[in-house]
Amino acid sequence: MSILGRSLSFPPRIGADGRFVWSQGENNIRESIAVILKTEAGERLMLAQFGAGLGRYLFEPNEPSTHTRIEDAITTTLARWEPRIEVEGVTVCADPEDPQAALATISYRLVATSARERITINVPTAN
């Protein structure tokens with residue numbers, strides 16, 4: 001078993017052998033980050049505070065003040081819900097290919113191995 005964790009893959013799927021697909025290691029952490037950031041507060045009944053609530057920016061203007069609030073939401077949420085990483089930085093900017101979206105780039109360090117990783121997610125906003 002990986003020191004970074006193992007769980008059902010996200011999104012859940014069935015493999016060629018007819019069994020659930022599992023994810024582990026760095027991929028499991030990336031999937032966990034995606035779940036945390038794509039979950040709205042209140043969606044999980046028994047864990048109502050879980051999630052970044054990034055959907056609230058859907059009708060916000062795609063400008064630096066909104067980007068700063070998104071950065072803060074991502075940093076705070078990952079610090080609370082993903083103990084296997086240490087967020088080193090979050091940068092949000094307008095998506096050059098989609099004026100109604102922002103791109104959030106998250107740089108983090110894996111606590112167990114000190115390896116540095118980076119992912120980028122799309123956050124829908126208003127134009």
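Above this note sits the structure.
Computed from a predicted model, the values in this text were never measured in an experiment.

Definitions and cut-offs
- Residues numbered from 1 in each chain as written.
- Predicted model: local features only at pLDDT ≥ 70, side-chain atom pairs only at ≥ 80, totals over all residues.
- Heavy atoms only, no water.
- Helix = DSSP H or I, 4+ residues; strand = E, 2+ residues; numbered from the N terminus.
- Buried < 20%, exposed > 50% of the residue type's maximum accessible area, 1.4 Å probe, protein only.
- Contact = heavy atoms within 4.5 Å.
- Areas by Shrake-Rupley, 256 points an atom, 1.4 Å probe, with all protein chains shown as cover.
- Lys, Arg positive; Asp, Glu negative; His and termini not counted.
- Charge placed at Lys NZ, Arg CZ, Asp CG, Glu CD.
- Pairing = 2+ DSSP bridges.
- Axes fitted to C-alpha atoms, helices over the stretch in contact; angles between N-to-C directions.

Engineer: I keep staring at the overall build of the protein chain and nothing clicks. Help me out?
Structural biologist: Helices and strands together make up the secondary structure of the protein chain, namely two helices and five strands. Dimensions of the protein chain along its principal axes, counting C-alpha atoms only, are 45 × 30 × 30 Å. Counting over 127 residues, the protein chain shows a buried share of 36%. For the protein chain, long-range pairs separated by at least 24 residues make up 40% of all intrachain contacts whose partners lie at least 6 apart in sequence. Roughly 7,600 Å² of accessible area belongs to the protein chain as shown, and the carbon and sulfur atoms make up 54% of that amount. Across the protein chain, the 13 positively charged side chains and the 16 negatively charged ones have centroids separated by 8 Å.

Engineer: For this particular structure, what's the right way to read the environment of arginine 116?
Structural biologist: With respect to the secondary-structure elements, arginine 116 resides in strand 5 (residues 116–124). The class for arginine 116 is exposed, based on a relative accessible area of 60%. Distance from arginine 116 to histidine 67, taken between C-alpha atoms, is 23 Å for residues 49 residues apart in sequence. Residues contacting arginine 116, with those up to four places away along its chain left out, are Glu88, Tyr108 and Arg109.

Engineer: I tried to follow unusual backbone geometry on my own but got confused; where do I start?
Structural biologist: In most cases, non-glycine residues show a negative phi, while peptide bonds are predominantly trans. The phi torsion at serine 114 lies on the positive side, around 65 degrees, for a residue other than glycine. Looking at where serine 114 falls in the secondary structure, it is placed in the loop between strand 4 (98–110) and strand 5.

Engineer: I would appreciate a short explanation of the sheet that holds strand 5 in the present structure.
Structural biologist: Backbone-to-backbone hydrogen bonds join strands into a sheet, with any given pair of strands oriented parallel or antiparallel. Strand order in this open sheet of three strands is 3-4-5, and the pairing throughout is antiparallel. The strands lining the two open edges of the sheet, one partner per strand, are strand 3 (85–95) and strand 5. Strand-to-strand, the axes of this sheet are offset by a mean angle of 20 degrees, without reference to chain direction. Against the sheet, helix 1 (residues 25–38) touches strand 3, strand 4 and strand 5, its axis set at about 135 degrees to strand 4.

Functional significance is not addressed by these values, which are geometric in nature.
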